[in-house]
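Below, each chain spelled out in residue letters.
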Amino acid sequence: MHLSAHTWMRPEPLRRTLERISQLGYTSIELAGEPTLYPIEETCQLLREFSIQCWGTVTLQHGTRDLTAADPAHRKATIQYMKEVVSMAADLGGKIVTIVPARVGKLVPSSAPENEWKWAVEGLREVARLAEAKNIRVAIEPLNRFETYFLNRVDQTLALADEVGYNCGIAFDPFHLALEETDLYRAIRKAKHRIVDFHVADHNRLAAGDGNFDWQRIVSELKRAGYDGALAVECMPPIDRTPLGNFGAAQLEAGDIEVPEGQLQFIIDHGSGVLSDVYYTGLMRKSAETLRCFLN
């Protein structure tokens, strides 16, 4: 296993992200699924400059991106978007793509459960077919009930992956699954070799080590399950908007920062805002310090 980092939590030039994580001992990156942000040639040059590998990409399901949408035009556009994310991962030398099937934050169904399941299977099959041809493995990610009604547990995710085929597996995120599974460690054992990606945040979505997860046991269970991929850090703490946190000043970016269309609302919907460089770097440092000693 190795340390990796997501990029969607703090919009910033990729050079700054790579500079930070290379200094902190990370060896790969899981890029936000926004192909226009990462021109292939330029991105490959930056990855080589900082000796960082592209682990893969993750779809950002906001706006009309939703495989369970009742509108067939939205489903068609979502499939095309996901294919572009798969192609981006392949062109950058990545190994995986993490996919959330429905729009994040969608808590009211748009059709009957049978319809939404069928649409998700059909859409994912089309995307996974392309991924297989490009030697990219698809990881389907379940989220907690407060971010989606559609897919919340390991057994549900594996059932969907089985119907899709093409060697699909699961993106295991303990922040989400600790809420939905009766036993987090049993859930890892249940997923076993089907774990394609593993996201890292503590139980409160702070840095690893700033919550109550037993990271030594989690990593040990992953090793026993045969997982040898990335531990992809994905911290997204809530902003303290009370006087105790100086109304967010200790965490939030103070100046203007360019945020891609749709991404700012996506970040806000996760209970946060644009984190400052100093605060965000501290989260990444703490996570690396917590996890590094368990990887040998």
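Residues numbered from 1 in each chain as written. Predicted model: local features only at pLDDT ≥ 70, side-chain atom pairs only at ≥ 80, totals over all residues. Heavy atoms only, no water.

Draft legend 1. Focus on the pattern of salt bridges. Throughout the structure, instances matching the rule amount to 21 salt bridges. Among the salt bridges present, the one from D155 reaches R153, with a minimum N-O distance of 3.0 Å. By relative accessible area, D155 is classed as partly exposed at 34%. One connected set of salt bridges, linked through shared partners, spans R10, E12, R16, E19, R20, E253 and D277. (Salt bridge = Lys/Arg side-chain N within 4 Å of Asp/Glu carboxyl O. Buried < 20%, exposed > 50% of the residue type's maximum accessible area, 1.4 Å probe, protein only.)

Draft legend 2. Up close: the packing of helix α3 (residues 72-91) against helix α4 (residues 113-133). Interaxial distance between α3 and α4 falls to 9 Å at its minimum, and their mutual angle equals 25°. One element, α3, and the other, α4, form an angle in the roughly parallel class. The element α3 and its partner α4 pack so that their crossing is right-handed. Touching R75, I79, M82, K83, V86 and S87 of α3 are W119, G123, E126, V127, L130 and A131, all from α4. (Axes fitted to C-alpha atoms, helices over the stretch in contact; angles between N-to-C directions. Helix = DSSP H or I, 4+ residues; strand = E, 2+ residues; numbered from the N terminus. Parallel < 35°, antiparallel > 145°, perpendicular 65-115°, else oblique. Left-handed = near helix turned anticlockwise from the far one by under 90°. Contact = heavy atoms within 4.5 Å.)

Draft legend 3. Expanded view of the pairing of strand β2 (residues 28-32). Within β2, five of the five residues are buried, which leaves it mostly tucked inside the rest of the structure. Of the strand pairs in this sheet, strand β1 (residues 2-6) and β2 are connected by three bridges, and their pairing is parallel. Within β2, the residue paired with H6 across the bridge is E30. In this region the chain leaves β1, passes through helix α1 (residues 14-24) and returns to the parallel neighbour β2; the handedness of that crossover is right-handed. Summarising the sheet, β2 and strand β3 (residues 53-58) pair through five bridges and their orientation is parallel. From the neighbouring strand, S28 faces β3, where its bridge partner is Q53. Considered for its hand, the β-α-β crossover made up of β2, helix α2 (residues 40-49) and β3 is right-handed. (Pairing = 2+ DSSP bridges. Right-handed = clockwise from strand over helix to strand, strands pointing away.)

Draft legend 4. The sheet that holds strand β7 (residues 195-200), seen in detail. Reading around the barrel, the eight strands line up as β1-β2-β3-β4-β5-β6-β7-β8 and close back on themselves, with parallel pairing between neighbours. Pairs of neighbouring strands in the sheet enclose a mean axial angle of 30°, with direction left out of account. Sheet topology places strand β4 (residues 96-99) next to strand β5 (residues 137-140); four bridges connect them, and they run parallel. When the sheet's bridge partners are listed, T98 is paired in β5 with A139. Sheet strands touched by helix α7 (residues 184-191): β6 (169-172) and β7. Its angle to β6, the strand with the most contacts, is close to 155°.

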